[in-house]
Structures are given as C-alpha cells and as structure tokens.
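Here is what each chain is made of, one letter per residue.
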Amino acid sequence: MKKLLALAALIGPSLLAAEPLRVVTSIPDHAALVRAIGGGEVETESIIKGNRDVHAVELLPSFMVKVGRADLYVKVGMDLDLWAQSIIDGSRNGKLIVVDASAGVEKLEVPTFKVDASYGDLHIYGNPHYWLDPGTIRAQGEAIFAGLVRVRPASAATFRANLDAYVQKVDAALKGWQARLAPFAGTQVISFHTSWPYFAQRFGIQVVDFMEPKPGVSPTPTHIAALTERLKGGQVKAILMESYFDDRVPQMLSRTTGVPLVKVPVLVGAAPGVDDQLALFEAITTSLATALGGGH
Amino acid sequence: MRPRPLLTAFAVVLATGWVSAQGINPDISVIGDVRAFVTGDPNDSKKDELQLDLHGAELALGGYLNPFARADVYIGYHDDEIELEEAYATILRGLPGRLQLKAGKYRVDFGKLNLLHPHAYSFLDTPLVHQVLLGEEGLIDIGVNLNTQIPIGSAALTLSGNVLKGDFSTSQHHADEDEHAHAAAGLWARQPFVRSLHDDIEIEEEAEPGLGYSERLGLYIPTGDYAGFEVGLNALQGTFDRGTGRQVRLLGADLKYRWAPDKYHSLTVQGEWIRSERDLWTPDEPLERTTASGFYAFIDYRFAQRWNTGVVAERAEGAYDPSVTTERAGVFGGFQLMEETTMLRLLLRRTDGDALEKPVDEAILQLVFSLGPHKAHWF
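All values derive from a computational prediction rather than experimental measurement. (Residues numbered from 1 in each chain as written. Chains lettered and ligands numbered in written order. Predicted model: local features only at pLDDT ≥ 70, side-chain atom pairs only at ≥ 80, totals over all residues. Heavy atoms only, no water.)

Chemist: Got a minute to help me understand the overall build of chain B in this structure?
Modeler: Per the secondary structure count, chain B includes 5 helices and 16 strands. Out of the 379 residues in chain B, the part that is buried amounts to 48%. Counting only contacts in chain B whose residues sit at least 6 apart along the sequence, the fraction spanning at least 24 positions is 55%. If you sum the accessible surface of chain B, you get close to 17,700 Å²; carbon and sulfur atoms cover 63% of it. (Helix = DSSP H or I, 4+ residues; strand = E, 2+ residues; numbered from the N terminus. Buried < 20%, exposed > 50% of the residue type's maximum accessible area, 1.4 Å probe, protein only. Contact = heavy atoms within 4.5 Å. Areas by Shrake-Rupley, 256 points an atom, 1.4 Å probe, with all protein chains shown as cover.)

See the structure below:
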C-alpha cells in the first residue's frame, strides 16, 4: 500500500502537469512569446493568423470556441484589439484569466489632447504597435509570465528560466539588427500606417510621413500628390509598408519617385518563413537594410 | 474677495467625483439614417419627385455592470416618435454549462438577421418577410433568453431559448395603425406593399397577448481561417389573444456563408425562410388557421476596402391572407466615406404583387453616420 501511495505521489503531479495549459492570444507574435516562455507546458493559438490587419477582426463563433477552452487570453491592449473583449465575452468562460501584454511597455505617442474621430483611428492610450520593437519583449514577456504563473504557479521557475533565456536570445539578435541598421541612423522614411514609432526609436530611423492622411484613413489623391512632391525632394529614402495593405498605390508612388518600396510583414506568420519573432525582425531588418543601400 | 475653503473643498470633491465617474460611464454612440428617394408608387402624392427623410436616429448606451455582465440600451427616433427600442442586461460569463442569460427588451434571435439593427443592412430596409411575419422592425420583445454554445471540434453549436412577453404578436397590428395614420403624409410611400399585406385590423385591436416561447439552434462550421457558414433553425409559439385562445406559430430556417480573405474583400451569401400559422377569429365562427410564408436572400460582395455591391430578392405572403403575395428585388451598392463611420448606400428596387396594379420602382440613397466607439463586426 505504501508503495502504491508513493507511486501515486510520484506520478500524480506529472500526470497533472501533462495537461497542457491552453493560451489564446490576439496576435501570433504573442503566441510565439507564450510558446517561448511556456515551453512544452502550453498549447497556444492566435486569433489572427497570417497576413491580417489587427485593427479589424470579424468575430467568428469558432473564436469563441477556442477561447471557451482556454485558461489564459493575451490581449495586445491599448485599445488596439477591442474586438478581443467581445470574443472573451462570447466565450462564456468564467475561469479565463486575461493578460494585457502592453501593461509594462513604455508607451509612445500618448495623446495629450482630447481624441476624437477627426484624428482618424488614434488610440487614447498611445500607439499600440509596441510588439514591433524587440526591445519591448522583456516587458511583454513579464506580463505573460505573470499570467502563466497565475494559472500554474508550480511551474513559475520553469517559466522564469524560459523567459530569461528567450530574452537573452532576442537581445543578442537585437545587437546584430542594430549593427546592420546603424549606418542608416537618422534616415528618413515614410510608412503606410503609423506602425513604426517603437521600431523607429529602437533603430534610429525617422518616419517623417504616412501614406494614410490620418491613421486608418485610406490614401486620398490630394495626399498622394503631396507625398509625391515630398519624395521627389530626395530626403526620404524608403517607403515602408505593412504587408497586409494593398500595395498598388505605394508601388505607383515608388515608380513615380524612384524611392524604393519596402513591404514587410508586421506579424509572425505574415510571410513564408516568418515563423517566430526572431524571423520577423530578421525579415524586417534585412528588407530595410537592403532597400536603404546597405545590403548587409 | 475672502477665500471660501468650504466652497473650494466642495468643488474639489465634485471635480474628483466627476473624473472618477468618467471611468465608469457607459459607451455612447449615435447613429443617423438620412435618405433621399424617388418612388413610382401611384399612391404617393409626391410620385416621381425627389423626397428627403430623416429615416431614423438611434442612441446606444452600453457598458459593463461587473466583470461578467453588461447592459445595453437603444433609444430610437423614427417617424417623429422616440421609442425605447431595447434595454437589456446580459450575464456573459461565469454561469454553469457555458450559459449566457439575457433579460429585458431585446431583438430576439429568430434567424441571424433579426439581431442586427436595420441600419446595418446593405439593402437598407427590414426584409418584407420580417415586416409581415415578425413585426415592422423585426421581432423585438420583452423576455428572458438563455443560450449556450457547444464546441464540436472547431464548429460551434448554439442553443438558445426565449420566454417572451408576447408583444411581438401585436406588433403588426400597431404597425398597421401607424401605417394608416401616416399614409396620408406619405411616410409609408416607400413601402406601398406593406399596406396590401395586412388586413383584419378589427380582430387585432381586441388581442390580449400571452407568453410566447422561441428557440434557435445554430451550427457554425468554419471552412477556413476566415470563412465559414452557419445554418439555423428557429421556432416560436405564442398566444396572441388569450380571450379567444388564438395562437401564432412560426418556423424558420436560415443560412449564412461568409468569406473574408483580407481587409479588401468579402463575400456574404445569406437567406432565411419563415412560415407562420395564425388563428383567425370572427364572431360566432370557429377559429380558422391561416398559413403564410416568405423568404429573403441576398449576396453582398466587398470588392475594395470601402466599396461593396450586391443583390437582394424577397417574397412574402400576407400574414392573414396568404393569397396576397408581394415580391421585391433590388440591387445595391455601398461606399464608405473615409471610414465605416460614414456610409453612403444606393438601392434600386422593384416591388410587384397581387395588390399592386403595376410594379413600383424606387431609388433610395441613404447616408448612415455613426458617432462613438467602433464596434466589432459579428459573423
């Protein structure tokens, strides 16, 4: 009997631990981060898959089913994925723990004035595209780590070790990306959407204008005409665009002005081979460095 | 001037209270529906002339009551009247069996489309079959709803049941009254066929409704990351006059397919069929049961970020006289001015039916504007 009890004591926790912790995230980048922290103890899925616009997601019943089975949901936060709350509500999951991955991130472009729709899709808590800065992965990871530990406190040490190891790996890669983009510090680019303040701050790139006249507002002929004149001035060295946008207008602008178009994925999974965060930043850095003339 | 510490302290307290109150204020949004139209209806005194109409405006308030529940209120302005369209509370999470509970006045989940407010329709107006068999603005009633979702692999089976006060059963009666009252002013000129589909007002005026019950079973099956279809079955039973024991029974089936591969393209194919059985009463005669049915179907294709187009076809039999049928077909297009907060829609449609001497053609241009927070789009 004692032997049986001892065996049960030995096997019991490992059987419990074998049950994976289910995490759903709004964006695949956070799913990748959860996998890095949770290792084999998590099963992760993202609501957004592939080359999509995070700002607008249609609420499918299959999303509710996914979240209904989950232990943890990771939101982008800062009012970017407002749709996530409807999915969480629709999941009917009363035990779900919700994590805001932006919680510890130092926010940029926080409006100091009353925001309304005349400014376009401006977010009152600041620009929410923080995941495009590899330097914020520690802060994002800490928020996710805290959520994972709430669900499975017994694995805190493993999650902590995994997070530290992952951040070290990203930091090492970051030095390489910074070195490759260092020659272009201060270089002026325009971007399609206001996705790049965190990235630009990290790598010293200057985003001086946008294809969208206001955030979320499609390019207008008048605005494109003004941009054409600006690009012909020679100061702007690249048009940086998120791959989920239609590239016909940026292509035309690039052909007209000779300024190279750099179309890059902004989410993990948005391009072939971009299967994790390291691959995403590698793809962005390589495309930008090549277009700006470095080719490193 | 002497300092007034008490007054200052009071002002500070008020200001602090105001600031903290802002955090718990509900979301507020306002939607307006402005129309310009031309109708060929011979009963319209302004036939073939350009007419303008503030078709409606809606004030929506909504917010969380606690982490697991929220409340929503919709106040509408239509035809110079202000009406409480919906007011309900929903317990979203935390109930056993993955249940959600809703109570109040709300749009009943009889079919997929009835849950939407008409300003969200690409084809502008409440489908004929809804107007005739569910009510002028669709099926709205005071009640309690309990629903759950059962995962079947990646598919979702939704089961829903409502206990309803029964106001829905007389909504056509009220619609009829309003319609006749406003007909002279031309307010119903855009929908001449509705008049032809109602009769026997005297019978309805005495109705005292009893409780009603409705059920829905919906199965959503994804066919891709951003594509899927839902089939639904709906039923409703109610007493629309307790005095005479007259009953109403509705049966419906609906289908929706949607494919949205990127932010620039989407395709929606949707339709619904409804069959109604109603008891008719005339003095000294046994109850007589009438059966009527109808359907709508539409295809809506978004071919650019801000542009969509489609076609709609409808048919409805009179609720009390199924021999009087009306058919309607139209082609529509929509354009978002900058963002989806400002939408222009154009509908060209033809209505024909037994009660019309000849088909009526209409052209309607609609401007829909919405103030307030962006709302997520549901499948």
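Chemist: Hey, could you run me through the environment of A:I124 in this one?
Modeler: Residue and element names in this part refer to chain A. On the secondary structure map, I124 appears in the loop between strand 4 (97-100) and helix 5 (137-151). The exposure class assigned to I124 is partly exposed, which follows from its relative accessible area of 43%. Remark: the alpha-carbon pair of I124 and M78, spanning 46 residues in sequence, is separated by 7.7 Å. Apart from residues lying up to four places away in sequence, I124 is in contact with D79, V110, P111 and V115.

Chemist: Help me understand the sheet that holds strand 7 (residues 236-242) of chain A in this model?
Modeler: Whenever strands of a sheet pair, they do so through backbone hydrogen bonds, lying parallel or antiparallel. Residue and element names in this part refer to chain A. Here we have 4 strands laid out as an open sheet, ordered 6-5-7-8, and parallel in their pairing. Either end of the sheet is taken by a strand with one partner, and the two such strands are strand 6 (206-210) and strand 8 (261-264). Neighbour-to-neighbour, the strand axes of this sheet turn through a mean angle of 30°, independent of strand direction. Where strand 5 (residues 188-191) lies against strand 7, 4 bridges are found, and the strand directions are parallel. Paired with I190 across the bridge in strand 7 is I239. Here helix 8 (residues 221-232) sits on the sheet in contact with strand 5, strand 6 and strand 7, set at roughly 145° to strand 6. (Pairing = 2+ DSSP bridges. Axes fitted to C-alpha atoms, helices over the stretch in contact; angles between N-to-C directions.)

Chemist: Any chance you could explain the confidence of the model for chain B here in plain terms?
Modeler: Any region with low pLDDT has predicted coordinates that should not be read closely. All names here are of chain B. Per-residue confidence for chain B gives a mean pLDDT of 86; residues scoring 70 or more make up 84%. Residue range residues 6-20 is modelled with pLDDT below 50. Its contacts to residues more than four positions away, or to other chains, number 0 contacts. Here residues 172-203 is modelled with pLDDT under 50, and outside its nearest four sequence neighbours on either side it reaches 70 contacts, counting other chains as well. (pLDDT = per-residue confidence, 0-100.)

Chemist: Even after reading the chapter, I still don't get the sheet that holds strand 3 (residues 72-75) of chain A, so can you show me in this structure?
Modeler: Residue and element names in this part refer to chain A. Here 4 strands make up an open sheet; going across it, the order is 2-1-3-4 and the pairing parallel. A single partner strand is all that each edge strand has here, and the edge strands are strand 2 (42-46) and strand 4. On average, each strand axis in the sheet is inclined to that of its neighbour by 20°, with strand direction left out of account. Pairing of strand 1 (residues 21-25) with strand 2 involves 5 bridges; the strand directions are parallel. When the sheet's bridge partners are listed, T25 is paired in strand 2 with S46.

Chemist: Would you take a moment to explain the side chain of B:E85 for this structure?
Modeler: Along the chain, B:E85 falls in strand 4 (residues 81-91). Buried charge without a salt bridge: B:E85, with B:R107 as the nearest opposite-charge side chain at an N-O distance of 5.7 Å. (Lys, Arg positive; Asp, Glu negative; His and termini not counted. Salt bridge = Lys/Arg side-chain N within 4 Å of Asp/Glu carboxyl O.)

Chemist: Explain the interface of chain B and chain A here, please?
Modeler: By a frequent convention, interface size equals the accessible area lost on bringing the separate parts together. Taken residue by residue, the interface counts 35 residues in chain B and 36 residues in chain A. It is B:R93, B:R98 and B:Y226 in chain B that bury the most area against chain A; as a group they hold 21% of the surface buried on that side. Counting across the chain B and chain A interface gives 2 salt bridges. For the pair chain B and chain A, the number of links is 16 residue pairs in polar contact (both at pLDDT 80 or more). (Buried area = accessible area lost by both parts, 1.4 Å probe. Polar contact = N/O pair within 3.5 Å; in protein donor to acceptor, adjacent residues only side chain to side chain.)

Chemist: Help me out: how do you make sense of the pairing of strand 6 of chain A in this one?
Modeler: Each regular strand carries side chains that alternate between the two faces of the sheet. All names here are of chain A. Of the pairings in the sheet, the one linking strand 5 to strand 6 comprises 4 bridges and is parallel in character. Bridge pairing links I190 to D209 in strand 6. Regarding the hand of the β-α-β motif, the stretch spanning strand 5, helix 7 (residues 197-203) and strand 6 is right-handed. (Right-handed = clockwise from strand over helix to strand, strands pointing away.)

Chemist: Would you explain the pattern of salt bridges in this entry?
Modeler: Oppositely charged side chains are able to pair whenever their charged atoms sit close together. Per the counting criterion, the structure on display carries 36 salt bridges over all chains. With its nearest N and O atoms 2.9 Å apart, the salt bridge here joins A:D164 to A:R138. Residue A:D164 is located in helix 6 (residues 156-181), and its partner A:R138 is located in helix 5; the two are separated by 26 residues in the primary sequence. Exposure remark for A:D164: the relative accessible area of 29% places this residue in the partly exposed category. By relative accessible area, which is 31% here, A:R138 ends up partly exposed. The residue B:R349 makes a salt bridge to B:E362 at a minimum N-O spacing of 3.0 Å.

Chemist: Before we go on, may I ask you to explain the packing of aromatic side chains in this structure?
Modeler: Aromatic ring pairs are reported here in terms of the distance separating the ring centres and the angle at which the planes meet. All names here are of chain B. Applying the stated rule across the entire model yields 16 aromatic pairs over all chains. Ring-pair connections join several aromatic residues into one group, and the members of that group are Y121, F123, Y296, F298 and F332. Its end group placed over the ring of Y64, R70 keeps NZ or CZ at 5.2 Å from the ring centre. Sitting over the ring of Y320, R278 keeps its end group 5.7 Å from the ring centre. (Phe/Tyr/Trp six-rings, centres within 6.5 Å; stacked < 30°, edge-to-face > 60°. Lys NZ or Arg CZ within 6 Å of the ring centre and 35° of its normal.)

Chemist: Explain the nonpolar core to me, please; I cannot follow it from the model alone.
Modeler: Nonpolar side chains in soluble globular proteins tend to end up buried together. Residues A:I47, A:Y73, A:W83, A:W131 and A:L148 are the most contacted members of the largest nonpolar core, which totals 94 residues. With 8 residues, helix 6 of chain A is the single largest residue contributor to this core. Domain assignment of the residues forming this core places at least three in each of domain 1 (15-174) and domain 2 (181-291) of chain A. Excluding residues within four positions of it along the chain, A:I47 makes contact with A:V24, A:T25, A:S26, A:V57, A:F63, A:V67, A:Y73, A:W83, A:I87 and B:Y226. In this structure, B:L139, B:F240, B:A319 and B:F332 belong to the second largest nonpolar core, which totals 35 residues. (Core = buried A, V, L, I, M, F, W, Y, C linked by side-chain atoms within 4.5 Å. Domains from an automatic or database assignment.)

Chemist: Looking at this model, I keep getting lost on unusual backbone geometry. Mind explaining?
Modeler: Of all residues except glycine, most have a negative phi; of all peptide bonds, most are trans. With a phi close to 55°, A:E109 is a non-glycine residue in the positive phi region. Look at B:D48: it is not a glycine, yet its phi comes out positive at around 65°. Tracing the sequence through the fold places B:D48 in the loop between strand 1 (27-39) and strand 2 (51-66).

Chemist: How should helix 5 of chain A be read in this particular structure?
Modeler: Given 3.6 residues per helical turn, the α-helix brings residues three or four places apart onto the same face. Here helix 5 of chain A contains 15 residues, and its C-alpha end-to-end distance of 21 Å stays within 8% of the 21 Å for a straight helix at 1.5 Å per residue. Of all the positions in helix 5 of chain A, only A:I137, A:A139, A:Q140, A:G141, A:A143, A:I144, A:F145, A:G147, A:L148 and A:V149 are classed as buried. (Expected span 1.5 Å × (residues − 1).)

Chemist: I tried to follow the packing of helix 6 of chain A against helix 10 (residues 277-291) of chain A on my own but got confused; where do I start?
Modeler: Helix packing geometry: the angle between the two helix axes and the distance between the axes. Residues and elements named next belong to chain A. Between helix 6 and helix 10, whose axes approach to 10 Å, the crossing angle comes to 5°. Judged by the angle between their axes, helix 6 and helix 10 are roughly parallel. Residues Y166, K169, V170, A173, W177, R180 and L181 of helix 6 touch helix 10, and the partners they reach there are Q277, L278, F281, E282, T285, T286, L288 and A289. Of the residues assigned to the contact of helix 6 with helix 10, the class counts are 9 nonpolar, 3 polar and 3 charged. (Parallel < 35°, antiparallel > 145°, perpendicular 65-115°, else oblique. Nonpolar A, V, L, I, M, F, W, Y, C, P; charged D, E, K, R; others polar.)

Chemist: Looking at this model, I keep getting lost on a nonpolar patch on the surface. Mind explaining?
Modeler: Together, B:V269, B:I299, B:V311, B:V331, B:L346, B:L348 and B:L365 make up an exposed nonpolar region whose accessible area comes to about 510 Å². Its location among the elements puts B:V269 in strand 11 (residues 265-280). (Patch = residues over 30% accessible without salt bridge, like charges linked within 9 Å, V, L, I, M, F, W, Y side chains within 5 Å.)

Chemist: Is there a simple way to think about helix 9 (residues 248-257) of chain A in this case?
Modeler: Residues and elements named next belong to chain A. Within the sequence span of helix 9, burial applies to P250, L253, S254 and T257. One side of helix 9 carries all its buried residues, which in axial view fall inside an arc of 100°. In this structure, helix 9 carries R248 and R255 as exposed residues pointing more than 90 degrees from its buried face. Next to the buried residues of helix 9 lie strand 5, helix 8, strand 7 and strand 8. One or two positions beyond helix 9, positive phi appears at G258, with a value near 80°. (Arc of directions from axis to C-beta.)

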